[in-house]
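Letter by letter, the chains look like this.
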Amino acid sequence: MGKHFLLLLLGFSMSIGFLQALFCYRCDLLNAFGVCLSGRGYCVASQQEDCILKEYYQAGRLVFGYQNCRYICNNMTFFRGTFQMDVKCCRHHDFCNRF
Ligand SMILES: *[C@@H]1O[C@H](CO)[C@@H](O)[C@H](O)[C@H]1NC(C)=O
């Protein structure tokens, strides 16, 4: 019951934390073909965060998209003229914000 036990406990709790973590795709700029042009990678969502996928459409065609982890994420669809923005939030599985 010494330092080694504490280290073991710490390692164990860290791996549990790791298992509970939610991974999300991250991309600052997806182009009209869904190809990530900038800021590509992943993020780890905290307990209060969701994975987010934002899609911007013009006349029904994708213009660009965005993926990240987001605190207080709300599903939303916004229309203005022929412009449409969709916000999709999820946490049911890792990388659920796939485009
Ligand atoms: C957002 O929508 C997805 C399905 O499109 C659903 O699984 C999720 O629970 C919704 N999130 C919220 C916060 O309503």
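Our structure is the block above this text.
Read on for a plain summary of the structure. Only a predicted model underlies this, so the values are computations on that prediction, with no experimental measurement involved.

What follows covers the state of the cysteines. Applying the stated criterion across every chain yields a total of five disulfides. The residue that forms a disulfide with cysteine 24 is cysteine 51, at a sulfur-sulfur distance of 2.1 Å. Every disulfide takes its handedness from the sign of the S-S torsion; for cysteine 24 and cysteine 51 that torsion is -80°, giving left-handed. Of this pair, cysteine 24 sits in strand S1 (residues 22–30) while cysteine 51 sits in strand S4 (residues 49–58), and the two are 27 residues apart along the sequence. Across the pair, exposure class does not vary: cysteine 24 and cysteine 51 are buried alike. Each bonded cysteine of the chain gets a number by its place in the sequence, and the pairs then read 1-5, 2-3, 4-6, 7-8, 9-10.

Criteria and thresholds
Residues numbered from 1 in each chain as written. Predicted model: local features only at pLDDT ≥ 70, side-chain atom pairs only at ≥ 80, totals over all residues. Heavy atoms only, no water. Disulfide = S-S within 2.5 Å. Helix = DSSP H or I, 4+ residues; strand = E, 2+ residues; numbered from the N terminus. Buried < 20%, exposed > 50% of the residue type's maximum accessible area, 1.4 Å probe, protein only.

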